[in-house]
Structure formats: C-alpha cells, structure tokens
Amino acid sequence: MSESARHPNEDERLLLIVEDDAAFARTLKRSFERRDWRVILAASLDEARELLRTHAPTNAVVDLKLGTESGLAVVQALHQHDADMLIVVLTGFASIATAVEAIKLGASNYLVKPSNTDDIEAAFSRTPGEVDVPVAARPTSIKTLEWERIHETLA
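These figures come from a predicted structure and were not determined experimentally. (Residues numbered from 1 in each chain as written. Predicted model: local features only at pLDDT ≥ 70, side-chain atom pairs only at ≥ 80, totals over all residues. Heavy atoms only, no water.)

Colleague: Even after reading the chapter, I still don't get the side chain of asparagine 109, so can you show me in this structure?
Modeller: Among the structural elements, asparagine 109 can be located in strand S7 (residues 109–112). Polar side-chain contacts of asparagine 109 include one of 3.4 Å to the backbone oxygen of alanine 123. Apart from residues no more than four positions distant in its own chain, asparagine 109 is found in contact with Ile87, Val88, Val89, Ile103, Ala123 and Arg126. (Helix = DSSP H or I, 4+ residues; strand = E, 2+ residues; numbered from the N terminus. Polar contact = N/O pair within 3.5 Å; in protein donor to acceptor, adjacent residues only side chain to side chain. Contact = heavy atoms within 4.5 Å.)

Set out below in structure tokens:
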C-alpha cells in the first residue's frame, strides 16, 4: 500500500473486524473502542474488500469461518492489500493445518475462541518468532485430534 493511501493520521489505530456473528462483532467493536481504537466491521470477504477502498486499517481480526466462506481468503486479501497490516485469526474450529495456512497467508497470529480483547491486543503486540509465548497446558481432546486428522486428510 502506498504511503498516500494510508490514513492521514498514522498514529491512529484502525481495526477491521471480519466476523459473521453480528452480536459478537458488536461486542468486540465496543470493547476495542473503549481502548481508543477506531473500528470498522465486515461480515464477509466482499464487505472487507469494499471497506478497503475507503479505509486503511492498521490491524484486523478475522473469523476463520464466515458462513460458507473461509476467513483464510480474507487473510490473503488483507495481506495482499497491505503486507504491514497485523492480522489475527480467531476460530472456534482450531487445527494445526488452518493455523499454519493462516500464517502462510499473512496472519500474524492465530487465537482459539473464546478470546477476549486482552488476548487479541497481546497477539497484535507479539513479534514473529517470539520464544517467550507461553505453551498452553490445555490437553487436546480426542474430538479435536479427530477434527485435525479429517481436515488434514481433506486438505
């Protein structure tokens, strides 16, 4: 993205939330606005592309599953639009395969729902390859392992 296409106030944090659950998107929006973010909402890839015509978000939160669409397509489009945009993928359907793909496509981080505003802001501030990220003590369920195996086989 060219410098002239950036928002006039470079210090202003503009967050694009791409989430098809309207209630969750509004809640997340209000929470970030209380932390002095400007927030715009989209529920699909097409809506996100439309917003990119008139806005220059510095950060984005993208739901992995957007109705029948994949949030990975959104991640790819956002990264192509501005490689410096920090993109966090949120999902209730976590798998190693989708996490790897999200990072390959330009996401800076990948979080499992439920994640709150603190988690997301922390993910924005982490640098790539940070060794101090805590390792989750949560054991993987059989259902999750099964889901990951199915997804891996289909991919």
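Moving on, there is more to tell.
Colleague: Where do I start with the packing of aromatic side chains in this structure?
Modeller: Geometry of an aromatic ring pair is reported as the spacing of the ring centres plus the angle between the planes. Under the counting rule described, the total for this entry stands at two aromatic pairs. Ring plane angle 40° and centroid distance 5.8 Å describe the contact between tryptophan 37 and phenylalanine 124, whose orientation is recorded as tilted. Pair noted here: tryptophan 37 is in the loop between helix H1 (22–33) and strand S2 (38–42) and phenylalanine 124 is in helix H5 (residues 117–125), with a separation of 87 residues, a long-range link. Just as tryptophan 37 is buried, phenylalanine 124 falls in that class too. In this structure an aromatic cluster arises from ring pairing among Phe32, Trp37 and Phe124. (Phe/Tyr/Trp six-rings, centres within 6.5 Å; stacked < 30°, edge-to-face > 60°. Buried < 20%, exposed > 50% of the residue type's maximum accessible area, 1.4 Å probe, protein only.)

Colleague: In this structure, what is going on with the nonpolar core? I would like to understand it.
Modeller: Among soluble globular proteins, nonpolar side chains are generally buried collectively. Grouped together as the largest cluster of nonpolar side chains are 25 residues, with contacts concentrated most on Leu16, Val18, Val62, Leu78 and Ile87. Only strand S1 (14–18), S2, helix H2 (45–52), strand S3 (59–63), helix H3 (71–81), strand S6 (86–91) and helix H4 (96–104) provide two or more residues apiece to this core. Ignoring any residue separated from it by four or fewer positions in sequence, one finds valine 18 in contact with Ala42, Ser44, Ala48, Val61, Val62, Asp63, Leu66 and Val74. In terms of nonpolar packing, the next biggest core, distinct from the first, is built from 13 residues, Leu28, Val39, Leu111 and Ile120 among them. (Core = buried A, V, L, I, M, F, W, Y, C linked by side-chain atoms within 4.5 Å.)

Colleague: Where do I start with the confidence of the model for the chain in this structure?
Modeller: In low-pLDDT regions, the fine details of the predicted coordinates are not to be read closely. Model confidence for the chain is summarised by a mean pLDDT of 85, while 79% of its residues fall at 70 or above. Every residue in residues 1–10 scores below 50 in pLDDT, and together they form 14 contacts with partners more than four places removed in sequence or on other chains. (pLDDT = per-residue confidence, 0-100.)

Colleague: Would you take a moment to explain the environment of glycine 71 for this structure?
Modeller: Among the structural elements, glycine 71 can be located in helix H3. Through-space distance from the C-alpha of glycine 71 to that of valine 61 is 9.9 Å; in sequence the pair is ten residues apart.

Colleague: I tried to follow the pairing of S7 on my own but got confused; where do I start?
Modeller: Side-chain positions along a regular strand alternate between the two faces of the sheet. Examined bridge by bridge, S6 and S7 share four bridges and lie parallel to one another. Directly across from leucine 90, in S7, lies its bridge partner leucine 111. This β-α-β element, S6 to H4 to S7, shows right-handed connectivity. (Pairing = 2+ DSSP bridges. Right-handed = clockwise from strand over helix to strand, strands pointing away.)

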